Amino acid sequence: MEFVRLDGERLTLVFALDVGGGTADCVYCGARLPEGEDLAMVAAATARGRHESQPDTPPVPGVLPERKHGWSGTPALELRRGGVRIETDCRLTRWATGSQAVHFMFHDRSTGIDVGVRWVIGEGDAVTVGLTLANTGKAPVEVERLAALALPVPARFTEVTRYSGRWADEMQEHRRTIAPDGVSHASATGKPGFSGANWLLLHAGAAKEDGEVLAAHLGWSGDHWLALEPDAQGAGDGRAMLLMGAVLEAGEVVLGPGENFASPQAVLALAPDRSALAQAFHGFLRKAVLPARADWPERKVHLNSWEALGFDLSEAGLIALAESAAALGIERFVLDDGWFGGRRDDRTSLGDWFVSPDVFPNGLAPLIARVHELGMDFGLWVEPEMVSPDSDLYRAHPDWCLHVEGRERPTMRGQLALDLTRAEVQEYLFERLDALLRDHPIAYLKWDHNRDLFPAGGQRFIQTFGFYALLHRLRAAHPQVEIESCSSGGGRIDFGVLSRVHRVWPSDNNDAIERLRIIPAWSQFLPLEVLGSHVGPSPNPITGRRLAMDFRAKVAVFGHMGVEADPARMTDKERECLAAHIALYKQWRGVLHAGALHRLAHPDPNVTGMMVTHADKALALVAQTAFSPVFDAAPLRLAGLEPEARYRVTLPEPWAPKARHYLANPDAWREGLVLSGTALMTQGLALPLTHPETAWLVALERLPQ
Ligand code: GLA
């Protein structure tokens, strides 16, 4: 046996290598071990003997579980030749280590396939894991399954949080004990979907406790599968495994001699609590995933036309909207759906990416010029991967969509999906998008994707590559254009797409009460600067709920803020309140978009608290959604402060009219209370959180010693 040890800042991984042509097992995944820890002893301390009703040499699934030697769990790799499953026997041949990386090479003699398994500890101690295949043999091999991650799960993780969801209600958390039959899931919509099933938390603590947590995610924008098998052997040996990978259709990936294939990457992070976990994911995303972060301007405040005007577009109406937006302090005007072809409703014209002469007799130029004059830049909505049956594109090329020859073509939102594996489709879409970006000064694209991929014609994996290829080519040609990934809200959010775009649309639901659940759920993994966060109209078009502007605006500050409502339909007071919050967002975005996010706990389950600390500043948001059971809600305890430091604490105005009457000493909150980090984190701040739909921002500034 040989051992490989990888250390992050807080994390150690130890692998035991059976160098006699065996496998590599992860025998330790946890808090950083002291220097000089005897790795053989670490392995010996957890080694198991053979038990009854088990193969005489008990199989070790390790980082590349296979069926050989009697392992009955899900294998990481399944190959076929001529449709017949091959019993692989991958043996560790060599390995290479860097300071924070290890690359294991396995070889399967029967097929000549080399399998690489690579684990890298990166920024924020996030670990990326991926598998590669190389066909060194003489015959083609069909790849039926290739995991991105096979993790021997440490036994202390006994609970799992998974997510479910639907349109306008993404990322609903469910925490439960890992049942003996584990978790098995595969998506089939051609994208990760609203359910967030490509994200997962494993907990070492008892129910509801915020203890040690291990998270896993598959960075892939197509269909995924996962298997959490607490007893994969089915024989009671309790060796839990977690596997994740992209779904491959039968025959979709055939590796010819000399060809290679790589899985997407999975991301793991281990942290002492959920705030630390969020910070690990955010650090990794900021430094290692998001494109060209150093070049980004500040996240501009958007006005998006969708919930303001819908399809009711005209040049004059849009110019009026832009003018009222600029008066609020908006910095970017985004023209959403309805500007192209004959698109006067959502049943037509996708694919006809030409500015509609009915709506814009003079083209987009006058609108964009006015937007620029008003000091804003201009963004445009597109949904390139789709085609409406009622479109010039479809009439000219009815075979360009995903379909099964001779069968009906079922639509969703009245549309079909284009076959992105076809070169001519790629060419057409690139030409159209490129022309739009060359002909107009467009700073931002909202890239939408509003239907599932069916029938997928046996190519769900390579369709996703087609999406990536188109994005890649467009970004290379227009590197200064920011892109948002939207899929009817949060239907396609993952690190694969986030390595190619600048922000995501977390949900079509702008209702602030719903956002108070949706944003904390996404921000478990994604930093606030990539989460579009808009003030919508009241009543909200999806939930019908009416909410005060103060509440809507405070909630929207915690994200990449925007407005998706018509300021002309607001009262003067509402506009004033919104403008004040836009100014607050501008003042604080440097903190919110670079700092460390802390999830704030409160005994009232209807109170949500979040806080971001950065250098000597911090901003917290605390919001009450229900009627508090007590008049004086429990104080809000802050987090992430230096215990010994002293902070000036203020409540930035405006204040919610209903709640301000309950402040004990308003002037003290204006001038600022000075308290130590210890006092703020232990006892906290007594804020009026009695009334439903009231929220507070809490600003902190660390004072010089
Ligand atoms: C999707 C998006 C919305 C909006 C509409 C336009 O539903 O999620 O934000 O852009 O399309 O049709």
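Rules of the game
- Residues numbered from 1 in each chain as written.
- Predicted model: local features only at pLDDT ≥ 70, side-chain atom pairs only at ≥ 80, totals over all residues.
- Heavy atoms only, no water.
- Helix = DSSP H or I, 4+ residues; strand = E, 2+ residues; numbered from the N terminus.
- Rg over C-alpha atoms; globule rule 2.2 N^0.38 Å.
- Buried < 20%, exposed > 50% of the residue type's maximum accessible area, 1.4 Å probe, protein only.
- Contact = heavy atoms within 4.5 Å.
- Areas by Shrake-Rupley, 256 points an atom, 1.4 Å probe, with all protein chains shown as cover.
- Lys, Arg positive; Asp, Glu negative; His and termini not counted.
- Charge placed at Lys NZ, Arg CZ, Asp CG, Glu CD.
- Near = heavy atom within 4 Å.
- Polar contact = N/O pair within 3.5 Å; in protein donor to acceptor, adjacent residues only side chain to side chain.
- Nonpolar A, V, L, I, M, F, W, Y, C, P; charged D, E, K, R; others polar.
- Pairing = 2+ DSSP bridges.
- Axes fitted to C-alpha atoms, helices over the stretch in contact; angles between N-to-C directions.
- Domains from an automatic or database assignment.
- Parallel < 35°, antiparallel > 145°, perpendicular 65-115°, else oblique.
- Core = buried A, V, L, I, M, F, W, Y, C linked by side-chain atoms within 4.5 Å.
- 1 Å grid on protein atoms, 1.4 Å probe; cavity = no way out; pocket = protein on both sides within 12 Å on 5 of 7 lines; lining within 4 Å.
- Points joined across faces, edges and corners; volume = space filled by probe spheres on them.
- Expected span 1.5 Å × (residues − 1).

As for the overall build of the protein chain
Logical step 1: In terms of helices and strands, the protein chain carries 15 helices and 36 strands.
Logical step 2: Against the 2.2 N^0.38 benchmark of 27 Å for 705 residues, the protein chain shows a C-alpha radius of gyration of 27 Å, consistent with a compact globule.
Logical step 3: With the principal axes as the frame, the protein chain shows a C-alpha extent of 80 × 70 × 40 Å.
Logical step 4: Across the 705 residues that make up the protein chain, the buried fraction comes to 60%.
Logical step 5: Within the protein chain, contacts between residues at least 6 apart in sequence are counted, and of these 71% link residues at least 24 apart.
Logical step 6: As presented, the protein chain carries roughly 26500 Å² of accessible surface, and 52% of it is formed by carbon and sulfur atoms.
Logical step 7: Here the protein chain contributes 70 positively and 89 negatively charged side chains, and the mean placements of these two sets differ by 1 Å.

A look at the site of the ligand
Logical step 1: If you check the shell around the ligand, you find 13 residues, and the closest are Asp336, Asp337, Arg413, Lys446 and Asp508.
Logical step 2: Side-chain polar atom of Asp337 to an oxygen atom of the ligand: 2.6 Å apart, as the coordinates give it.
Logical step 3: Between Asn450 and the ligand, the recorded distance is 3.3 Å, taken from a side-chain N or O atom to an oxygen atom.
Logical step 4: In isolation the ligand has 300 Å² of accessible area, and contact with the protein removes 96% of it.
Logical step 5: Across the shell around the ligand, the residue classes break down as four nonpolar, three polar and six charged.

Brief notes about the sheet that holds strand E1 (residues 2–7)
Logical step 1: With antiparallel pairing, three strands are arranged side by side in an open sheet as E1-E2-E3. Unpaired on one side and paired on the other, E1 and strand E3 (24–31) mark the two borders of the sheet. Ignoring which end each strand starts from, the neighbouring axes of this sheet average 15° apart.
Logical step 2: With six bridges joining them, E1 and strand E2 (residues 11–17) adopt antiparallel strand pairing. Across the sheet, the residue bridging to Arg5 is Val14, located in E2.

Here we look at the domain arrangement of the protein chain
Logical step 1: Domain boundaries assigned for the protein chain yield domain 1 (2–273), domain 2 (293–505) and domain 3 (598–702).
Logical step 2: For domain 1 versus domain 3, the separation of C-alpha centres amounts to 42 Å.

A short note on the sheet that holds strand E33 (residues 617–624)
Logical step 1: Across the sheet, which stays open at both edges, the six strands sit in the order E31-E32-E33-E36-E34-E35 with antiparallel pairing between neighbours. The open sheet has two edge strands with one neighbour each: strand E31 (596–600) and strand E35 (673–676). Averaged over all adjacent pairs, the angle separating strand axes in this sheet is 25°, with direction ignored.
Logical step 2: Sheet topology places E33 next to strand E36 (residues 694–702); eight bridges connect them, and they run antiparallel. Opposite Leu619, over in E36, you have Ala699 as the bridge partner.
Logical step 3: Of the strands in this sheet, E33 and E36 are in contact with helix H11 (residues 549–557), which crosses E36 at around 45°.

A word on the packing of helix H4 (residues 315–328) against helix H5 (residues 365–373)
Logical step 1: Here H4 crosses H5 at 10°, and the two axes come no closer than 10 Å. With respect to H5, the axis of H4 lies roughly parallel. Residues Glu315, Leu318, Ile319, Ala322 and Glu323 of H4 form the contact with H5, whose own contacting residues are Pro366, Leu367, Arg370 and Val371.

Considering the nonpolar core
Logical step 1: One finds Phe15, Trp119, Leu498 and Leu526 to be the most contacted residues of the largest nonpolar core, which totals 195 residues.
Logical step 2: In this structure, Val622, Leu641, Tyr647 and Val698 belong to the second largest nonpolar core, which totals 26 residues.

Let's talk about unusual backbone geometry
Logical step 1: The omega torsion across Ser538 and Pro539 is 5°, close enough to zero to call that bond cis.
Logical step 2: Tracing the backbone shows Pro539 in the loop between strand E29 (532–535) and H11.
Logical step 3: Put simply, Glu653 and Pro654 share a cis peptide bond, and its omega is 10°.
Logical step 4: Here Pro654 shows up in the loop between strand E34 (646–650) and helix H13 (657–660).

Focus on empty space enclosed by the protein
Logical step 1: Applying the stated criterion across every chain, the model contains four cavities of 30 Å³ or more.
Logical step 2: Taken as a whole, the largest cavity encloses approximately 50 Å³ of empty space.
Logical step 3: Taken together, Asn510, Ala512, Arg515, Ser533, His534, Val535, Gly536, Arg552, Val555 and Ala556 form the lining of the largest cavity.
Logical step 4: Counting only elements with at least two residues in the lining of the largest cavity, the list comes to helix H10 (512–522), E29 and H11.

A closer look at helix H7 (residues 423–439)
Every α-helical turn comprises 3.6 residues, leaving residues that sit three or four positions apart pointing alike.
Logical step 1: Between its terminal C-alpha atoms H7 stretches 24 Å, which fits the 24 Å expected from 17 residues at 1.5 Å a residue.
Logical step 2: On its buried side, H7 packs onto strand E23 (377–382), helix H6 (392–396), strand E26 (444–447) and helix H8 (460–477).

Concerning H8
Logical step 1: With 18 residues, H8 should cover 26 Å at 1.5 Å per step; its first-to-last C-alpha distance of 26 Å lies within 8% of that length.
Logical step 2: Looking at H8, one finds that the buried residues are Arg460, Phe461, Gln463, Thr464, Gly466, Phe467, Tyr468, Leu470, Leu471, Leu474 and Arg475.

Considerations on the pairing of E36
Logical step 1: Of all nine residues making up E36, seven are buried, and the element is well covered by its neighbours.
Logical step 2: Two strands pair when backbone bridges link them, and E34 and E36 are joined in this way by four bridges, in the antiparallel orientation. Counterpart to Tyr647 in the pairing with E36 is Arg702.

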